[in-house]
There are 4 protein chains.
Amino acid sequence: MSTAPSDRAQARRQQVLEAAAECFRRRGFHAASMAEIAKTAGMSPGHIYNLFENKDDIIAAIVERDCEDVLARIAEFRQEGDLLQKMLAATEQAIDKHSEVSQAALQLEVLAEASRNAKLAAVVYRSEALVNEKAQELIQLSLGPRADALPPEEIQGRALMLGVLFNGLTALGVRRPNMAALTPLMAPVMRRMLNVILAD
Amino acid sequence: MSTAPSDRAQARRQQVLEAAAECFRRRGFHAASMAEIAKTAGMSPGHIYNLFENKDDIIAAIVERDCEDVLARIAEFRQEGDLLQKMLAATEQAIDKHSEVSQAALQLEVLAEASRNAKLAAVVYRSEALVNEKAQELIQLSLGPRADALPPEEIQGRALMLGVLFNGLTALGVRRPNMAALTPLMAPVMRRMLNVILAD
Amino acid sequence: MSTAPSDRAQARRQQVLEAAAECFRRRGFHAASMAEIAKTAGMSPGHIYNLFENKDDIIAAIVERDCEDVLARIAEFRQEGDLLQKMLAATEQAIDKHSEVSQAALQLEVLAEASRNAKLAAVVYRSEALVNEKAQELIQLSLGPRADALPPEEIQGRALMLGVLFNGLTALGVRRPNMAALTPLMAPVMRRMLNVILAD
Amino acid sequence: MSTAPSDRAQARRQQVLEAAAECFRRRGFHAASMAEIAKTAGMSPGHIYNLFENKDDIIAAIVERDCEDVLARIAEFRQEGDLLQKMLAATEQAIDKHSEVSQAALQLEVLAEASRNAKLAAVVYRSEALVNEKAQELIQLSLGPRADALPPEEIQGRALMLGVLFNGLTALGVRRPNMAALTPLMAPVMRRMLNVILAD
DNA sequence: GATGAATGAGCCTTCATTCAT
DNA sequence: AATGAATGAAGGCTCATTCAT
């Protein structure tokens, strides 16, 4: 009862998260000031501290929210239709979308920050664990009954490889403006992870 | 000739670079203070500004130095011996080395910083271009005469894929402590990039 | 309306202006530190930046305030009584008051600063324009109906001469401690500006 | 013998004075760094301290040199020809020369600085005393035998008034760009100081 | 719940000055 | 006589955070 956050408070938190994400994307985590976030969120700086412990707490909440978004996107992949095709479409989109460099930069900055901030690290770890778990389910779904022929480590490894690919796309996207030549190469690799049983 | 830095100055610059890299790794770019860097480098804060324009200039120099290290490592790959094996060994090393999380974090932070710092971005872009070029040469070397059968875009795409893989390893390595299951999966993907001619 | 500063903020600004003027007089513009000003004003250094853009902004505000003081003093001259007598009294006061050397020094320093600071220069120019305008009105008032016999340039020139005299008193007052012998000389010159119609 | 400055040292000092004056004019006394002065003078920063005590010592030397220039100019006035005409020409020149605002600004800054720097104040006072003395001689020369009819205070007052006028021109010249209307007004005032015997 | 005035530590950077060579 | 590497104190300014209202 004491700490039960009211609906109103929840909505206010969302406002802050929205505003903070925008500011962090625009200026980076350190350069974005609480004052700017407050202004963007349409509330006073002081009040933010009624909703969040501190600035770190905000970035942690953003990471959690982003994690949910990723999980939701993964859930969509489970719908009807060819999984490989849908994932390739997603990667192609990632390769083309250069408008999202600032979003990518924020993700990288969060990772860097997490390596020195235990609380944030916990959130990132948990987030990664959840995503990885869902990725494994996806792979098993994609392989169908043949999945049983593969040892769990293989499934886990493939999920990790998907993680490497998506994280790599994010990082390389910040490193260079044009990655078009990469698109055709994704297909065989993704297929190898999602649709193939191999002795290899 | 006019601004040719003396040997002494060069050595001092190296001291600062060493110290700054350590501080940046330990605390992050923003949290590391010039005072701390100066102390670590064994000189006064003021003198750093005789050697570098400003803090940004230091991180840029670090990126350039790191780039040279990468190029040197690539050059080693060109030596005698099976390229695929050597690169797999390198990735396996990357997968295992958890002591280097802070080094990885610094790299990610640099990328984030570059998305908002034009000068740093230029260094990062140039660095990536150099590495990608060398990666393409490596791939052609690995394929041998068969390389002629592949269109340039294919070579370029494969080099990009290597970039995605290494960058992805770096990022995912910060996201989770254990990536052991990934090791066996690297082989087929790397082989696909380095040793195979395929219609698809 | 949007940025209408509250009464409280206005009062705080006045505090800072008062304190800064004192510090600037005591130490000079460059030597006076924001920390000292803050302490003198009884607030934290940080808070000053909620009230003023930066240090330059403070000196500009002081100049504007001083300008208003001058205009107010000029307005007093318009009251009943012999203008020439009142102005001579004012100059005599200026000649004798050696306690105000530091105030005079600040004015000179402001002028020097303005020659390299565009924003401050604008304030100084505007200030001078206002004062000169009022001085012309004063001269016309003093001459009465005879003023119509003089071309506008003559009026403007006389106003400028008054400016030269007061500025000259300020500067020379810093240059030497004793200017008593000057007092009797002011009368004929001032009369020439305020009370005489001449072919030359 | 011990401190007898060699000719070479004297020449070096002149170099520094030249360079410093230029830098001070360009940037102001405080903003001009010793490094910049050294570079402009074509010598090392360290060596300047073999020639001058410190930065204040340089500005003091500049003031002394400028004083000599003024005295030299006054000496020229003593040559053949109508003194009033020559002085009016000088003031007209001062009124028109807007290229010299930075020179004027430096003079004002020096005065401001002198009010807080005893050593500089001494130089400024002495300089003013010398100039004033020469101005009195000039006035007596201009009046010729009639000068004997005037009490010394009157002569002193007139010399002071000349000082007020020239200092005022300097200050007002920084305050406003256009002082053309002032030119015709200088004649009667100057004549009053230089050529007239009055009961008034 | 909400404000925004206020704090104060700490940051990057500059620069007069020194001194070993 | 001359250099320029080196110092270190100090400065202006920012910003996460607090708290009286």
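As the structure is a prediction and not an experimental result, all values here were calculated from the model. (Residues numbered from 1 in each chain as written. Chains lettered and ligands numbered in written order. Predicted model: local features only at pLDDT ≥ 70, side-chain atom pairs only at ≥ 80, totals over all residues. Heavy atoms only, no water.)

(A) Representation of the overall build of chain A. Helix and strand counts for chain A stand at 9 helices and 0 strands. For chain A, the N- to C-terminal ordering of α and β elements is α-α-α-α-α-α-α-α-α. In terms of principal-axis extent, the alpha carbons of chain A reach across some 60 × 45 × 35 Å. Looking at chain A as a whole, 50% of its 200 residues qualify as buried. Pairs at least 24 apart in sequence give 69% of the contacts found in chain A among residues at least 6 apart. Of the roughly 9,500 Å² that chain A leaves accessible, carbon and sulfur atoms contribute 53%. (Helix = DSSP H or I, 4+ residues; strand = E, 2+ residues; numbered from the N terminus. Buried < 20%, exposed > 50% of the residue type's maximum accessible area, 1.4 Å probe, protein only. Contact = heavy atoms within 4.5 Å. Areas by Shrake-Rupley, 256 points an atom, 1.4 Å probe, with all protein chains shown as cover.)

(B) Spatial organisation of the interface of chain C and chain D. With 50 residues of chain C at the interface, the matching set in chain D holds 50 residues. Across the chain C to chain D interface the summed buried area is about 4,300 Å²; carbon plus sulfur atoms make up 68%. For the pair chain C and chain D, the number of links is 4 salt bridges. Our count for the chain C to chain D interface comes out at 7 residue pairs in polar contact (both at pLDDT 80 or more). Mapped onto the side of chain C that touches chain D, the elements with two or more residues apiece are α1 (7–27), α6 (101–114), α7 (118–143), α8 (152–175) and α9 (183–194) of chain C. Of the residues forming the side of chain C that touches chain D, the biggest block, 17 residues, is contributed by α8(C). Counted by class, the side of chain C that touches chain D contains 26 nonpolar, 10 polar and 14 charged residues. (Buried area = accessible area lost by both parts, 1.4 Å probe. Salt bridge = Lys/Arg side-chain N within 4 Å of Asp/Glu carboxyl O. Polar contact = N/O pair within 3.5 Å; in protein donor to acceptor, adjacent residues only side chain to side chain. Nonpolar A, V, L, I, M, F, W, Y, C, P; charged D, E, K, R; others polar.)

(C) Spatial organisation of the protein's contact with DNA strand E. The environment of DNA strand E is made up of 31 residues, and the closest members are A:Arg8, B:Tyr49, B:Lys55, C:His47 and D:Met34. Sugar and phosphate atoms constitute 63% of the interface atoms of DNA strand E, taking the interface as everything within 4 Å of the protein. At a separation of 2.8 Å, a phosphate oxygen of DNA strand E approaches a polar side-chain atom of A:His47. Within the residue set of the surface near DNA strand E, elements represented by two or more residues are α1 (7–27) and α3 (45–51) of chain A, α3 (45–51) of chain B, α1 and α3 (45–51) of chain C together with α3 (45–51) of chain D. A total of 4 residues in the surface near DNA strand E trace back to one element, the largest contributor, which is α3(A). The class makeup of the residues in the surface near DNA strand E is 10 nonpolar, 15 polar and 6 charged. (Near = heavy atom within 4 Å.)

(D) Layout of the relation of the copies chain B and chain A. Superposition of chain B onto chain A requires a rotation of 179° combined with a translation of 0.0 Å along the rotation axis, giving an RMSD of 0.2 Å. Considering both components of the superposition, the chain copies are consistent with a two-fold axis. In terms of proximity to the rotation axis, the leading residue of chain B is B:Gly168, whose C-alpha is 1.7 Å off the axis. Counting the interface residues of chain B, we find that 100% of their copies in chain A are interface residues as well, pointing to one common contact surface. (Least-squares fit on C-alpha atoms with pLDDT ≥ 70 in both.)

(E) View of the protein's contact with DNA strand F. Neighbouring DNA strand F are 29 residues; A:Met34, B:Arg8, B:His47, C:Lys55 and D:Arg8 lie closest to it. Put simply, 62% of the atoms of DNA strand F that lie within 4 Å of the protein are in sugar or phosphate. Within the contact set of DNA strand F, a phosphate oxygen lies 2.9 Å away from a side-chain nitrogen or oxygen of A:Tyr49. In this structure, a phosphate oxygen belonging to DNA strand F sits 2.5 Å away from a side-chain N or O atom of C:Lys55. If you list the elements that add at least two residues to the surface near DNA strand F, you get α3 of chain A, α1 (7–27) and α3 of chain B, α3 of chain C together with α1 (7–27) and α3 of chain D. Broken down by element, the surface near DNA strand F gets its largest block of residues, 4 residues, from α3(D). Considered class by class, the residues forming the surface near DNA strand F number 9 nonpolar, 14 polar and 6 charged.

(F) Structural detail: the environment of C:Ala171. Relative to the helices and strands, C:Ala171 is located in helix α8. The residues contacting C:Ala171, other than those within four sequence positions of it, are C:Leu108, D:Leu111 and D:Asn167.

(G) How the structure looks around the pattern of salt bridges. For the coordinates displayed, the defined rule picks out 46 salt bridges over all chains. Here B:Glu137 and B:Arg78 are joined by a salt bridge, their closest N and O atoms 2.7 Å apart. Taken as a pair, B:Glu137 in helix α7 (residues 118–143) and B:Arg78 in the loop between α4 (55–77) and α5 (83–96) lie far apart in primary sequence, 59 residues in all. Assessed through its relative accessible area of 26%, B:Glu137 is described here as partly exposed. By relative accessible area, B:Arg78 is classed as partly exposed at 41%. Through salt bridges with shared partners, one network takes in A:Glu22, A:Arg26, A:Arg27 and A:Glu36.

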